[in-house]
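What follows is the residue order along each chain.
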Amino acid sequence: MNKQRFMNFDLTTIRLPFTSIISILHRLSGIFVFLLIPFLLYIFDMALSDSDGFASIGAILGNPISRISLWLFLVALGYHFFAGVRHLIMDMGFGEGLKNARTSGAVALVITLVWALWIGVWLW
Amino acid sequence: MRFSIYRYNPETDAKPYMKDYEVDVPHDSDMMVLQALMLIKDQDETLSFRASCREGVCGSDGMNINGLNRLACLTPVSSLKAPITIRPLVNMTVIRDLVVDFTLFFQQYEKVQPYLQNHAEPPATERLQSPEERAALDGLYECILCACCTSFCPSSWWNPEKFIGPAGLLWAARFLADTRDTATEERLANLQDPFSVYRCRTIMNCTVVCPKNLNPAAAIAGIRHKMVEKGS
């Protein structure tokens with residue numbers, strides 16, 4: 001008799017429904033935004049220190065990698081915000097059915113896409 | 001048609017493995033997955049699974065079919081892409097093959113006190129409800145406790161013991177909605193901690209997989225609304 005206990009828990013064998021992908025992205029974007037906050041606070045602090053500090057921010061943000069990071073941060077922040085508003089609307093009792101939840105999830109994604117393009121145009 | 005089935009016998013196997021079987025499924029057949037499993041059991045009698053009513057009423061044959069939890073008796077083979085992969089319900093201890101341990105699931109069910117509570121003197125006949133009051137139970141009372149939802153809920157994966165899970169909470173909502181039940185305040189107070197209800201993130205996996213087309217996510221939102229109304 002094998003005393004070891006097993007569970008069927010292998011994420012590669014589970015089909016994730018669309019609404020769960022919306023939810024996972026919400027969580028991941030939240031973690032990502034949270035992790036980038038110290039970096040932004042550092043830049044903010046430098047920008048407020050003196051005119052030399054402010055000038056050096058321009059140099060930092062001129063670097064493509066930091067500019068892409070800033071873009072990713074704002075896109076993640078936008079998605080986290082739009083998906084959060086979706087939950088607030090559902091908490092008010094609207095769109096709690098599966099069909100509406102799928103539609104509102106897709107709307108949050110589309111708005112994020114537009115937001116990402118707009119931020120991209122603004123940054124470059 | 002090829003079926004790939006999760007096998008594990010604790011008496012002989014060191015660990016679970018997948019085993020392939022071939023079943024002749026005639027073109028345009030209306031065979032359900034449960035029938036296919038019975039044909040496979042004719043080939044290999046060591047295969048274990050639970051089934052009883054064969055028509056989606058008893059809730060015995062919940063399993064993970066091609067990645068989604070469903071009832072084998074209500075899932076037509078023709079609706080699935082081959083090879084058909086059948087695994088036990090997700091995140092539940094496997095007893096043997098597709099048979100899983102429901103102990104924790106029923107403990108969660110028990111926590112919500114799934115029975116009518118009313119300490120008032122019973123009337124001579126029955127406790128009456130208006131048709132509207134009765135209609136408030138629709139979409140809540142039909143649950144057959146197959147565990148497809150709770151076993152597919154990421155919040156239950158994270159907190160299987162502290163979060164009650166969609167099935168138990170659907171039953172909590174069913175008795176909260178019942179005008180004959182007088183324990184509403186106590187029921188809400190029992191669910192007040194940060195885990196029992198509030199681990200639900202409205203991911204809606206429960207609603208996607210429910211074989212009775214119920215919406216546990218909306219029922220849980222209903223419980224939260226009642227908590228706000230009661231100011232608790």
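About the cut-offs
- Residues numbered from 1 in each chain as written.
- Chains lettered and ligands numbered in written order.
- Predicted model: local features only at pLDDT ≥ 70, side-chain atom pairs only at ≥ 80, totals over all residues.
- Heavy atoms only, no water.
- Helix = DSSP H or I, 4+ residues; strand = E, 2+ residues; numbered from the N terminus.
- Buried < 20%, exposed > 50% of the residue type's maximum accessible area, 1.4 Å probe, protein only.
- Contact = heavy atoms within 4.5 Å.
- Areas by Shrake-Rupley, 256 points an atom, 1.4 Å probe, with all protein chains shown as cover.
- Lys, Arg positive; Asp, Glu negative; His and termini not counted.
- Charge placed at Lys NZ, Arg CZ, Asp CG, Glu CD.
- Axes fitted to C-alpha atoms, helices over the stretch in contact; angles between N-to-C directions.
- Parallel < 35°, antiparallel > 145°, perpendicular 65-115°, else oblique.
- Left-handed = near helix turned anticlockwise from the far one by under 90°.
- Salt bridge = Lys/Arg side-chain N within 4 Å of Asp/Glu carboxyl O.
- Buried area = accessible area lost by both parts, 1.4 Å probe.
- Polar contact = N/O pair within 3.5 Å; in protein donor to acceptor, adjacent residues only side chain to side chain.
- Nonpolar A, V, L, I, M, F, W, Y, C, P; charged D, E, K, R; others polar.
- Phe/Tyr/Trp six-rings, centres within 6.5 Å; stacked < 30°, edge-to-face > 60°.
- Lys NZ or Arg CZ within 6 Å of the ring centre and 35° of its normal.
- Arc of directions from axis to C-beta.
- pLDDT = per-residue confidence, 0-100.

**Here we look at the overall build of chain A**
Next up, step 1: The helix and strand inventory of chain A stands at 4 helices and 0 strands.
Next up, step 2: Starting at the N terminus and ending at the C terminus, chain A contains elements arranged as α-α-α-α.
Next up, step 3: Put simply, chain A has 124 residues, and 34% of those count as buried.
Next up, step 4: Sequence-distant contacts in chain A: of pairs separated by 6 or more residues, those separated by 24 or more amount to 75%.
Next up, step 5: With the model as given, the accessible surface of chain A reaches about 8,200 Å², and the carbon-plus-sulfur share is 75%.
Next up, step 6: The centroid of the 8 positive side-chain charges in chain A is displaced by 24 Å from the centroid of its 6 negative side-chain charges.

**Considering the packing of helix α1 (residues 18-49) of chain A against helix α3 (residues 64-91) of chain A**
Residues and elements named next belong to chain A.
Next up, step 1: Axis separation between α1 and α3 bottoms out at 8 Å; the angle between their running directions is 135 degrees. Taken together, α1 and α3 sit at an angle that is classed as oblique. Relative to α3, α1 is oriented so that their crossing is left-handed. Contacts between α1 and α3 involve T19, I22, L25, H26, S29, G30, F32, V33, L36 and L40 from the former and S69, L70, L72, F73, A76, L77, Y79, H80, A83, G84, R86 and H87 from the latter.

**Structural notes on the pattern of salt bridges**
Where side chains of opposite charge bring their charged atoms close, a pairing between them can arise.
Next up, step 1: This structure, assessed with the given rule, holds 11 salt bridges over all chains.
Next up, step 2: The partner of B:R224 in a salt bridge is A:D91, and the shortest N-O contact between them spans 3.2 Å. Of this pair, B:R224 sits in helix α8 (residues 216-229) while A:D91 sits in helix α3, on two different chains.
Next up, step 3: Judged by relative accessible area, A:D91 falls into the partly exposed class, the value being 39%.
Next up, step 4: Here the salt bridges share partners, and the residues they tie into one network are B:R7, B:K19, B:D44, B:R96 and B:D97.

**Quick word on the environment of B:R187**
All names here are of chain B.
Next up, step 1: Tracing the backbone shows R187 in helix α6 (residues 184-190).
Next up, step 2: For the pair R187 and L176, spaced 11 residues apart in the sequence, the C-alpha separation amounts to 7.5 Å.
Next up, step 3: Not counting chain neighbours up to four residues away, the residues in contact with R187 comprise V112, Q113, Y115, Q117, F175, L176 and D181.

**Quick notes on the interface of chain A and chain B**
Next up, step 1: Contacts between the two partners involve 28 residues from chain A, matched on the other side by 37 residues from chain B.
Next up, step 2: Overall, the association of chain A and chain B removes approximately 2,700 Å² of surface from exposure, summing both partners, and the carbon and sulfur fraction of that is 56%.
Next up, step 3: On inspection of chain A and its partner chain B, the count reaches 1 salt bridge.
Next up, step 4: Counting across the chain A and chain B interface gives 15 residue pairs in polar contact (both at pLDDT 80 or more).
Next up, step 5: Those elements that place two or more of their residues in the side of chain A that touches chain B are α1, α3 and α4 (98-123) of chain A.
Next up, step 6: Its residues assigned to classes, the side of chain A that touches chain B comprises 11 nonpolar, 10 polar and 7 charged.

**Concerning the packing of aromatic side chains**
Next up, step 1: Overall, the coordinates contain 11 aromatic pairs over all chains when judged by the stated rule.
Next up, step 2: Judged by centre distance (5.7 Å) and plane angle (75 degrees), the ring pair of A:F81 and A:F82 falls under edge-to-face.
Next up, step 3: Classification of A:F81 by relative accessible area gives exposed; the value is 55%.
Next up, step 4: Clustering of aromatic rings is evident, with ring pairs tying together A:F81, A:F82, A:W115 and A:W118.
Next up, step 5: When the ring centre of B:Y141 is taken as reference, the NZ or CZ atom of B:R134 above it lies at 4.8 Å.

**Here we look at helix α1 (residues 33-43) of chain B**
All names here are of chain B.
Next up, step 1: Residues of α1 that are buried include every one of V33, L34, A36, L37 and I40, and no others. Down the axis, α1 shows its buried residues gathered within 155 degrees of arc, on one side only.
Next up, step 2: In this fold, the buried residues of α1 make contact with β1 (2-7), β2 (17-22), β3 (62-65) and β5 (84-87).

**Some remarks on the confidence of the model for chain B**
Detailed reading of predicted coordinates is not advised where the pLDDT is low.
Next up, step 1: For chain B, the average pLDDT comes to 96, and 100% of its residues sit at 70 or higher.
Next up, step 2: Listed scores for the predicted complex are pTM 0.93 and ipTM 0.88.

**A look at the packing of α1(A) against α4(A)**
Residue and element names in this part refer to chain A.
Next up, step 1: Packing of α1 against α4 leaves a shortest axis separation of 9 Å and a crossing angle of 45 degrees. As the angle between them shows, α1 and α4 are arranged oblique. The handedness of the crossing between α1 and α4 is left-handed. Each of F18, T19, I22 and L25 in α1 lies in contact with α4, whose residues at this interface are L98, A101, R102, G105, A106 and L109.
Next up, step 2: Of the residues assigned to the contact of α1 with α4, the class counts are 7 nonpolar, 2 polar and 1 charged.

**Looking at unusual backbone geometry**
All names here are of chain B.
Next up, step 1: Going from A82 to P83, the amide bond is cis rather than trans, its omega being -5 degrees.
Next up, step 2: Although it is not a glycine, Q113 sits at a positive phi angle of roughly 50 degrees.
Next up, step 3: Take Q113: it is sitting in the loop between α2 (103-111) and α3 (131-135).
Next up, step 4: A positive phi angle, close to 55 degrees, is found at N213, a residue other than glycine.
Next up, step 5: Note on placement: N213 falls in the loop between α7 (205-209) and α8.

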